[in-house]
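Inside the fold
One letter stands for each residue in the lines below.
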Amino acid sequence: MSAPLLSIENLTVGFSTERGPVTAVRGVSLAVDAGETLCLVGESGCGKSVTCHAVLGLLPSNGRVTGGRILFEDRDLAAFSERELERLRGREVAMIFQDPLTALNPVHSIGKQLAEVLILHRGLSWDAAKAEVKRLLDRVRIPDAGRRLGEYPHQLSGGMNQRVAIAMAMACRPKLIIADEPTTALDVTIQAQILELLRELQAEEGLALMLVTHDLGVVAEMADRVAVMYLGRVAEEAAVNDLFSAPCHPYTRGLLRSIPRIDENVARLATIEGSVPSLHAVPAGCPFAPRCENACTACVEHVPEPLVRADGRRVACFAPVAA
Amino acid sequence: MTARFFLVKLVRAMLTLLLVVSFVFVILRVSGDPTDILLPDDATADTIEYYRTAWGLDKPLHEQYVRYVWSVLHGDFGISLQDNRDALQVVLERVPATLQLGLAALVFSIMLGIPLGIFAALHRNSMADRLTMSFAVLGYAMPNFFLGILLILLFTMSLQWLPSSGSATLWHMIMPVATLGMAAAGTLARFSRSAMLEVLSQSYMRTAKAKGAPRLRRIGWHAMPNAAIPVVTVLGFKIGGLISGALVTETVFAWPGIGRLLVMAVSNRDLPVVQAVVLLVGFTMVVTNLIVDFLYGWLDPRVRVSGASQGA
Ligand SMILES: Nc1ncnc2c1ncn2[C@@H]1O[C@H](COP(=O)(O)OP(=O)(O)OP(=O)(O)O)[C@@H](O)[C@H]1O
Ligand SMILES: [Mg+2]
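This section reports on the structure supplied with the text.

What follows is about unusual backbone geometry. Residue and element names in this part refer to chain A. Residue Arg-173 is not a glycine yet carries a positive backbone phi of 50°. Tracing the sequence through the fold places Arg-173 in the loop between α7 (158-170) and β7 (176-180). The phi dihedral of Glu-181 falls on the positive side, at around 50°, and the residue is not glycine. Positionally, Glu-181 belongs in the loop between β7 and α8 (188-205).

Attention now moves to the nonpolar core. Residue and element names in this part refer to chain A. Residues Ile-96, Leu-137, Val-164, Ile-166, Ile-177, Val-219 and Val-226 are the most contacted members of the largest nonpolar core, which totals 61 residues. Looking at which element gives the most residues to this core, the answer is α7, with eight residues. Aside from chain neighbours lying at most four places away, what touches Val-226 is Leu-38, Cys-39, Val-41, Val-219, Glu-236, Glu-237, Ala-238, Val-240 and Leu-243. Core analysis: the second largest hydrophobic core is formed by 41 residues, Ile-8, Phe-15, Val-25 and Ile-178 among them.

All names here are of chain A. Not every one of the 15 residues close to ligand 1 is listed here, only the nearest: Ser-44, Gly-45, Lys-48, Ser-49 and Val-50. A distance of 3.1 Å is found between an oxygen atom of ligand 1 and a backbone nitrogen or oxygen belonging to Gly-47. Contact between ligand 1 and Glu-181: an oxygen atom at 3.3 Å from a side-chain N or O atom of the residue. Protein chains bury 69% of the 630 Å² of accessible surface belonging to ligand 1 in isolation. Elements represented by at least two residues in the shell around ligand 1 include exactly β1 (6-17) and α1 (48-55). In terms of residues, the shell around ligand 1 owes the most to one element, α1, which gives three residues. Its residues assigned to classes, the shell around ligand 1 shows six nonpolar, seven polar and two charged.

Under the criterion given, the structure shown has five aromatic pairs over all chains. Ring centres 5.0 Å apart and planes at 80° place the aromatic pair Tyr-230 of chain A and Phe-288 of chain A in the edge-to-face group. Here Tyr-230 of chain A is found in strand β9 (residues 225-230), whereas its partner Phe-288 of chain A is found in the loop between α11 (250-257) and α12 (297-301), with 58 residues between them in sequence. Like Tyr-230 of chain A, the residue Phe-288 of chain A is buried in the burial classification. Directly above the ring of Tyr-140 of chain B sits Arg-190 of chain B, whose terminal nitrogen or CZ lies 4.7 Å from the centroid. The ring centre of Trp-221 of chain B lies 4.8 Å from the NZ or CZ of Arg-217 of chain B, which sits over that ring.

Each partner contributes residues to the interface: chain A has 26 residues there, and chain B has 23 residues. Counting every contact that joins chain A to chain B gives two salt bridges. The partner of Glu-116 of chain A in a salt bridge is Lys-211 of chain B, and the shortest N-O contact between them spans 2.7 Å. One can count 11 residue pairs in polar contact (both at pLDDT 80 or more) joining chain A with chain B. Considered class by class, the residues forming the side of chain A that touches chain B number 11 nonpolar, 10 polar and five charged.

Tracing the sequence through the fold places Thr-207 of chain B in helix α9 (residues 203-210). With relative accessibility at 8%, the residue Thr-207 of chain B sits in the buried group. Each residue touching Thr-207 of chain B, except ones within four places of it in the same chain, is listed here: Phe-97, Ala-103 and Met-168 of chain A.

What counts and how
- Within any chain, residue numbers begin from 1 and follow the written order of that chain's sequence.
- Note on labels: chains are lettered from A, ligands numbered from 1, in written order.
- Thresholds applied to this predicted model are a pLDDT of at least 70 for local features of residues and 80 or more for the giving and counting of side-chain atom pairs; totals over whole chains, interfaces and linings are not thresholded and use all residues.
- Hydrogens and water molecules were not included; the side-chain quantities draw on all heavy atoms of the structure.
- Strands here mean DSSP runs of E at least two residues long; helices mean DSSP runs of H or I at least four residues long; both are numbered from the N terminus.
- Buried Ala, Val, Leu, Ile, Met, Phe, Trp, Tyr and Cys residues that are joined via side-chain atoms within 4.5 Å together make up what is termed a nonpolar core.
- Note on classification: 1.4 Å probe, protein chains only; a residue is buried when its accessible area is under 20% of the maximum for its type, exposed when over 50%, partly exposed between these limits.
- Throughout, a contact is declared for two residues whenever any of their heavy atoms are within 4.5 Å.
- Residues are classed as near a molecule or strand on a simple rule: at least one heavy atom within 4 Å of it.
- Polar contacts, as used here, are pairs of N or O atoms within 3.5 Å; protein pairs need one atom able to donate a hydrogen and one able to accept it. Residues neighboring in sequence count only if both atoms are side-chain atoms.
- In these tables, accessible area is a Shrake-Rupley quantity obtained with a 1.4 Å probe, and a residue counts as shielded only by the protein chains included in the view.
- Note on residue classes: Ala, Val, Leu, Ile, Met, Phe, Trp, Tyr, Cys and Pro are nonpolar, Asp, Glu, Lys and Arg are charged, and everything else, Gly too, is polar.
- Here a pair means two rings of Phe, Tyr or Trp (six-membered ring of Trp) with centres within 6.5 Å. Their orientation is stacked below 30 degrees between planes, edge-to-face above 60, and tilted elsewhere.
- In this analysis the charged atom, NZ for Lys or CZ for Arg, is taken to sit over a ring once it is within 6 Å of the ring centre and within 35 degrees of the ring normal.
- What counts as a salt bridge is simple: a side-chain nitrogen of Lys or Arg found within 4 Å of a carboxyl oxygen of Asp or Glu.

Structural data, given as structure tokens:
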């Protein structure tokens, strides 16, 4: 088996805050193979975005990778200098953010912002870049690209802006795109179009996708593999079908139960009892133990290490859901 | 569509000017019979009557108003009571000196304030940031005349390095320019810093980083044009402050500009000159605000476009 394209090993990320240091990501291991889609799911604050930002060295100034390795084609990005990261970002690994309007610079036309990537990484002149920009806009199916490239983000709809962001990410044919909730800020119909576009481009270019989402519907549609995160750790990682058909971790089961279903009575919709603990008061044992139906004494006292099972799943749990 | 934005601003500026002119008219009429104020106390009844007719004061008010606007439009502000010359002429002679001082102070405050603010923002919460901002607050809070006197005490009296009055050489400019520009420099530094910090925390700055743009490019191409938008607005306000500050500064340093002229004209009750100065200052303020508006529209595509659709 060849090495994965991206392999995050035991990543730890800490932040210094006014209330003292916190560890937002505690020993996360993930792998993305070339051409595959890994979805990252989990409740708000579990460390999905922080993990993504760590990969590209985009952590805010109070955050730092405090442990682990981020291997991209066997190079450790966590040890990269800022110079090396600048050459990697946008060229080999690109990123798409949640809110497309605020993610684009309001004072530059979208054409210029797109051209910037081409000029930075492919050394094109403005004129050459302009032709390429038009091609890219056509590619993400923005109608009337020639006129649009002179427009500003506020003149475009959310969906159109996200298409621009996708075009920007695609511009240098990266091997991996990290998309942090790329459709959360959009209308449902637009969401579907954007996901469709991402999938098509992914198939055409053979690129790998690391997709963060809250939406298990999106997971079902897009993912090859899924990693479920809870409070800075990976609770369970599995192929998408396995995960949906038979969740192993009680937290995964809880998440799946909380999906509203058309064929069931809404009143019976389950939610997970309790709330996510604060990063300033992380439980000593399994972080999910206080909310877990299956919790036993071991769960409260020790942190379960993620174990790889025979079927290729990784589960970090002392008392997994019986199959 | 951009043309419409500029047109709207231009019309607005014209209306403001008309308002200023009318305001001066009202003040002059309300403050009493101009002949009482303008003519010497020992003027004979004949003289008073002569001027009443000459100035059209025997006409109804609205006619006087039209006449007044008409003469203002033709640059006719009356005769200086001090040296019997055309009031506008007297004022215009002083304009270059004030313009020289004001523009130099403006350039000084921009060159000092904006880089300091950006520097402080980029080194947020460091010692350098705190020092810079203390300096900015000091510059902003210190009254004009106080700073001026302080500088004179230091550089003229103690060190004897710089001349304290007049405008003969470049050396003469240093202290007045610093005095006048310091407050604006302080404000600009503070605003540039906060505008820059605001911009640096925006999501598009992270996008720029994620694209692989180097730091200098992110600051220069992505951050600064955005931060410039609020800074230019403040700059607009500060120009008004510079004009009023020039009054005090010119007096402290005996700078032969319109500020000093105004002070003398007021104490000599030379109303035509006062009126000409006030109108000229009003005119300058309106024009500079117009320029700032244009600059703002040029910097911010959102303003440019929404300003246009407003009129549509
Ligand atoms: N700059 C920061 N300083 C301090 N703590 C931070 C910072 N950024 C993130 N965190 C903390 O790290 C944790 C993980 O945040 P992250 O943004 O990765 O969550 P997320 O899983 O992406 O959630 P969401 O679904 O809301 O986007 C949160 O508890 C958050 O408070
Ligand atoms: Mg997030």
